Amino acid sequence: MSTKAYDTVKLARANKRPTGLDYIHNLCGDFFELHGDRCYADDGAIVGGIGHFRGIPVTMIAIEKGHNAKERTARSFGAPHPEGYRKALRLMRQAEKFRRPVLCFVDTSGAYCGIGAEERGQGQAIAANLMGMMALDTPIITTLIGEGGSGGALALSVADRVWMLENAVYSVISPEGCASILWKDAGKADEAAQRLKLTAWDALRLGIIEKVIPEKELGQPAFYSLLADRLEKELKVLLAQEDLLQRRYARFRALGTPLAPGPAL
């Protein structure tokens, strides 16, 4: 069986791939990081804050793996704890309050699965993010930049637009984990990857995402410039739609006509 899908998995995990902070700093020159979930602690695996993206005030949130051993250890290898997800939801609600769009960058093999994370409500934190993002009244664009693993990735991917880099992957489980469960043999990860339909092109064909971003000159200024152009164009469309709905609601309220809030764009 072809190993093309598993080759893509290897590319998505490559050490030299840009991480979440690389995207934030190349797209937002005045990024100001905000910390903590106001409940327990700050989680280094999820970075979030505010800044301007091409003149648009935005909130940026990214899952960060780190580049070297020291950074990766400090950031749990990009496996967020519940406080990381709570921090992300806090920042998204703050963005909603101040009418800022949200840009998310996802790269994780999955949420941290240690005992401490479970004791602090890992599943509940992820579920709260899913529910919160469904109803968030401000535009959200999520881009999967590497691995999109299970609920750990989904917790930042309930968005108005979900994009993937062409060598990113998005799956309910890793190929190795899937192979271990189905065939009791992690060595069959290549076959599992093929069957999981986890590539960007699979996700596009299945309607899970809206766009695949080419990786030509990945990590170079030209790549970030192209991505910024696409994000800016999409943000302006979403913001225009949001403004139209707000004006429509205002007219109905002025006429005294009851109108239930519509779904988030």
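Per chain, residues are indexed from 1 in the order of the written sequence. Local features in this predicted model are restricted to residues whose pLDDT is 70 or higher, and side-chain atom pairs enter the listing and the counts only when it is 80 or higher, whereas totals over whole chains, interfaces and linings include all residues. In computing side-chain values, all of the structure's heavy atoms are included and hydrogens and water are not.

*Asks:* Explain the overall build of the protein chain to me, and be specific about the residues and the numbers.
*Replies:* Tallying secondary structure elements over the protein chain gives 11 helices and 8 strands in all. Here the C-alpha radius of gyration of the protein chain, 19 Å, is about what a compact globule of 265 residues would show, namely 18 Å. Oriented by its inertia axes, the alpha-carbon framework of the protein chain measures out at about 65 × 40 × 35 Å. Every residue pair with non-hydrogen atoms within 4.5 Å of one another is taken to be in contact. Restricting to contacts in the protein chain with at least 6 residues of sequence separation, those with at least 24 account for 69%. Taken as a whole, the protein chain presents about 12700 Å² of accessible surface, with 57% of it coming from carbon and sulfur. Under the scheme used here, helices are H or I runs from DSSP no shorter than 4 residues and strands are E runs no shorter than 2 residues, and both carry numbers assigned from the N terminus. The quantity called the radius of gyration is restricted to C-alpha atoms. Its globule counterpart is 2.2 Å times the number of residues to the power 0.38. Here, Shrake-Rupley sampling with a 1.4 Å probe gives the accessible areas, and only protein chains in the shown set may cover a residue.

*Asks:* Which residues make up the pattern of salt bridges, and what values go with them?
*Replies:* One side-chain nitrogen of Lys or Arg within 4 Å of one carboxyl oxygen of Asp or Glu is enough to make a salt bridge. For the coordinates displayed, the defined rule picks out 14 salt bridges. Here Glu 147 makes a salt bridge to Arg 13, at a shortest N to O gap of 3.1 Å. With a gap of 134 residues between them, Glu 147 in strand 5 (residues 140-149) and Arg 13 in the loop between helix 1 (4-12) and helix 2 (20-27) connect regions that are remote in the sequence. Through salt bridges with shared partners, one network takes in Arg 13, Lys 65, Asp 107, Glu 147 and Glu 176.

*Asks:* Summarise helix 4 (residues 82-97); cite the residues concerned and give the values.
*Replies:* For a helix, the expected span equals 1.5 Å multiplied by the residue count minus one. For helix 4, built from 16 residues, the straight-helix expectation of 22 Å at 1.5 Å per residue is met to within 8% by its first-to-last C-alpha distance of 23 Å. A simple rule labels every residue: compare its accessible area, found with a 1.4 Å probe on the protein chains alone, to the largest value its type can have, and call it buried under 20%, exposed over 50%, or partly exposed in between. For helix 4, the complete set of buried residues consists of Pro 82, Glu 83, Gly 84, Tyr 85, Lys 87, Ala 88, Leu 89, Arg 90, Leu 91, Met 92 and Ala 95.

*Asks:* Run through the environment of Ala 79, naming residues and quoting values.
*Replies:* Considering the arrangement of structural elements, one finds Ala 79 in the loop between helix 3 (69-74) and helix 4. According to the relative accessible area criterion, Ala 79 is buried, its value standing at 10%. Taking the C-alpha atoms as reference points, Ala 79 and Pro 175, 96 residues apart in sequence, are found 17 Å from one another. If sequence neighbours within four positions are ignored, Ala 79 has contacts with Ala 45, Thr 108, Gly 110, Ala 111 and Tyr 112.

*Asks:* Could you give an account of the packing of aromatic side chains, naming the residues involved and the relevant values?
*Replies:* In this analysis, rings of Phe, Tyr and Trp, with Trp reduced to its six-membered ring, are considered paired at centre separations within 6.5 Å, and the interplanar angle assigns stacked below 30 degrees, edge-to-face beyond 60, and tilted for intermediate values. Under the criterion given, the structure shown has 4 aromatic pairs. Both rings, one in Phe 223 and one in Tyr 224, keep their centres 5.4 Å apart while their planes meet at 70 degrees; by these two values the pair is edge-to-face. For the pair formed by Phe 223 and Tyr 224, the shared burial category is buried. Pairwise contacts between aromatic rings join Tyr 23, Phe 105, Phe 223 and Tyr 224 into one cluster.

*Asks:* Break down the pairing of strand 2 (residues 46-53) for me, with residues and values.
*Replies:* Within strand 2, 6 of the 8 residues are buried, which leaves it mostly tucked inside the rest of the structure. Two strands form a pair only when DSSP identifies at least two bridges running between them. Bridge count between strand 1 (residues 32-34) and strand 2: 3 bridges; the pairing is antiparallel. Counterpart to Glu 33 in the pairing with strand 2 is Gly 49. Examined bridge by bridge, strand 2 and strand 3 (residues 56-63) share 8 bridges and lie antiparallel to one another. Across the sheet, the residue bridging to Gly 48 is Ile 61, located in strand 3. Hairpin connection between strand 2 and strand 3: a loop of 2 residues separates the two successive antiparallel strands, and Arg 54 in this loop has a positive phi of roughly 50 degrees.

*Asks:* Pulling in residues and values, what's your account of the nonpolar core?
*Replies:* Here the nonpolar core consists of buried residues drawn from Ala, Val, Leu, Ile, Met, Phe, Trp, Tyr and Cys, with membership extended through side-chain atoms lying within 4.5 Å. With 57 residues, the main nonpolar core has Phe 53, Met 60, Ile 61, Met 92 and Leu 231 as its most contacted residues. Those residues within four positions of Leu 231 in sequence are excluded, and the remaining contacts are Leu 27, Phe 53, Leu 103, Phe 105, Ile 141, Thr 143 and Trp 163. Grouped together as the second largest cluster of nonpolar side chains are 8 residues, Tyr 6, Val 9, Val 169 and Ala 189 included.

*Asks:* If you had to explain unusual backbone geometry to someone new, which residues and values would you point to?
*Replies:* With a phi close to 55 degrees, Ser 76 is a non-glycine residue in the positive phi region. Relative to the assigned elements, Ser 76 resides in the loop between helix 3 and helix 4. In the Ramachandran plot, Lys 197 falls in the positive-phi region, its phi being about 55 degrees despite a non-glycine side chain.

*Asks:* An account of the pairing of strand 6 (residues 161-165) is requested, with residue identities and associated values reported.
*Replies:* Of all 5 residues making up strand 6, 5 are buried, and the element is well covered by its neighbours. Burial along strand 6 is two-sided: the face carrying Arg 161, Trp 163 and Leu 165 and the face carrying Val 162 and Met 164 are both buried. Relative to strand 6, strand 5 is paired through 4 bridges, and the arrangement is parallel. Of the residues in strand 6, the one forming a bridge with Leu 144 is Met 164. Relative to strand 8 (residues 211-213), strand 6 runs parallel, the two sharing 3 bridges. Bridge pairing in strand 8 links Trp 163 to Lys 211.

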